[in-house]
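Examination of the molecular architecture
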Amino acid sequence: QEGAKAYLNRVRELLAALPPHIERLNIVMLGPPGAGKSSLVNSVVGVSKGRTAESALVGTATSSLTKHFKCYRLPGLNVNLWDTCGWEATAYTGAEFELLLDGHLTNGMPLDSTITRKTAGYRHNPSTADEMHGVLLVV
């Protein structure tokens, strides 16, 4: 418990040093189905709340249980952790990854079909605050 508190305090210090135009740090998690992305969300949210959390649907499926782009705000931190469905190299194009990283995808946007500028929830003019500032690969 004390180690987690010390770690969170260090994270808060680092977040305080962010450029002023970034109010919340966006971190997207990518990885294959069943790698543990949603389990990691639950662990991180739990640590930031100081208790166990089950925010994200978790399973052991070989196909992804997560079907939508989902934002989890970390309590007490200016961080958004974005959960994705299992992303496989053959299932998504480089252009789709670019759309995700550039902030065109919105919270709740479906990820079980091709992502285009016509997909429901597509953000046409993302700001710096909408962009992904970091990528966490979960394998």
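Refer to the structure printed above.
Bear in mind that the values here come from a model prediction, so they are computed numbers and not experimental data.

**A closer look at the overall build of the chain**
Counting its secondary structure elements, the chain contains 3 helices and 4 strands. Helices (α) and strands (β) of the chain occur, in sequence order from the N terminus, as α-β-α-β-β-α-β. Of all 139 residues assigned to the chain, the portion counted as buried reaches 38%.

**Focus: helix α1 (residues 2-16)**
The end-to-end C-alpha separation of α1 is 21 Å, in line with the 21 Å expected for 15 residues at 1.5 Å each. Regarding α1, the residues found buried are L8, V11 and L15. Down the axis, α1 shows its buried residues gathered within 60° of arc, on one side only. With respect to the buried face of α1, the exposed residues turned more than 90 degrees away are E2, G3 and A16.

**Overview of the sheet that holds strand β1 (residues 25-30)**
As a general point, the strands of a sheet are linked pairwise by backbone hydrogen bonds and lie either parallel or antiparallel. Reading across from one edge, β2-β3-β1-β4 is the order of the 4 strands in this open sheet, with mixed pairing throughout. The sheet is open, and its two edges are formed by β2 (70-73) and β4 (134-137), each paired on a single side. Direction aside, the axes of adjacent strands within the sheet are offset by 25° on average.

**Side note on the nonpolar core**
Core analysis: the largest hydrophobic core is formed by 15 residues, its most contacted members being V28, F69, W87, L100, L105, L111 and I115. When residues of this core are traced back to their parent elements, those giving at least two are β1 and α3 (94-101). Counting residues in each nonpolar core, the second largest holds 12 residues, with V11, M29, Y72 and V79 among its members.

**Let's talk about the pattern of salt bridges**
Oppositely charged side chains are able to pair whenever their charged atoms sit close together. Taken as a whole and assessed by the stated rule, the structure comprises 2 salt bridges. One salt bridge connects R123 with D130, and the closest N-O pair in it is separated by 3.6 Å.

**A look at α3**
E96, L99 and L100 are the residues of α3 that are buried. The arc that holds the buried residues of α3, viewed along the axis, is 100°, so those residues lie on one side. Set apart from the buried face of α3 by more than 90 degrees, the exposed residues are G94 and A95. Packing partners of the buried residues in α3 comprise β1. Positive backbone phi, approximately 90°, marks G103, located one or two places after α3.

**As for the packing of aromatic side chains**
Considering all chains together, one arrives at 1 aromatic pair under this definition. Geometrically, the ring pair formed by F69 and W82 is stacked, given 4.6 Å between the ring centres and 20° between the ring planes. One end of the pair, F69, is in the loop between α2 (37-49) and β2; the other, W82, is in strand β3 (residues 79-83), with 13 residues separating them in the sequence. Judged by its relative accessible area of 8%, W82 falls in the buried class. The side chain of K70 reaches across the aromatic face of Y72, ending 5.4 Å from its centre.

Quick notes on the rules
- Chains are numbered independently. Their residues run from 1 in the order of the written sequence.
- At least 70 in pLDDT is required for a residue's local features to be given in this predicted model, at least 80 for side-chain atom pairs to be given and counted, and no such filter applies to totals for whole chains, interfaces and linings, which use all residues.
- Hydrogens and waters are ignored; side-chain quantities use all the structure's heavy atoms.
- Per the convention used, a helix needs a DSSP run of H or I reaching at least four residues, while a strand needs a run of E reaching at least two, with both numbered from the N terminus.
- Here's how the labels work: a residue is buried when its accessible area is under 20% of the maximum for its type, exposed when over 50%, partly exposed in between, all with a 1.4 Å probe on protein chains only.
- Every helix has an expected span of 1.5 Å times one less than the residues it contains.
- Here the arc refers to the set of directions running from the helix axis out to each C-beta atom.
- For two strands to be treated as a pair, DSSP must find no fewer than two bridges joining them.
- Only C-alpha atoms enter the line fits that serve as axes; for helices the fit covers just the stretch in contact. Angles between N-to-C directions range over 0 to 180 degrees.
- We define the nonpolar core as a collection of buried residues of types Ala, Val, Leu, Ile, Met, Phe, Trp, Tyr and Cys that are connected through side-chain atoms lying within 4.5 Å of one another.
- In what follows, salt bridge is the name for a side-chain nitrogen of Lys or Arg lying within 4 Å of a carboxyl oxygen of Asp or Glu.
- We call two residues in contact whenever any of their non-hydrogen atoms come within 4.5 Å of each other.
- Stacked, tilted and edge-to-face pairs are distinguished by plane angle, under 30 degrees for stacked and over 60 for edge-to-face with tilted covering the rest, among Phe, Tyr and Trp rings (Trp via its six-membered ring) whose centres lie within 6.5 Å.
- Two conditions define a charge sitting above a ring: the NZ of Lys or the CZ of Arg must be within 6 Å of the ring centre, and it must be within 35 degrees of the ring normal.

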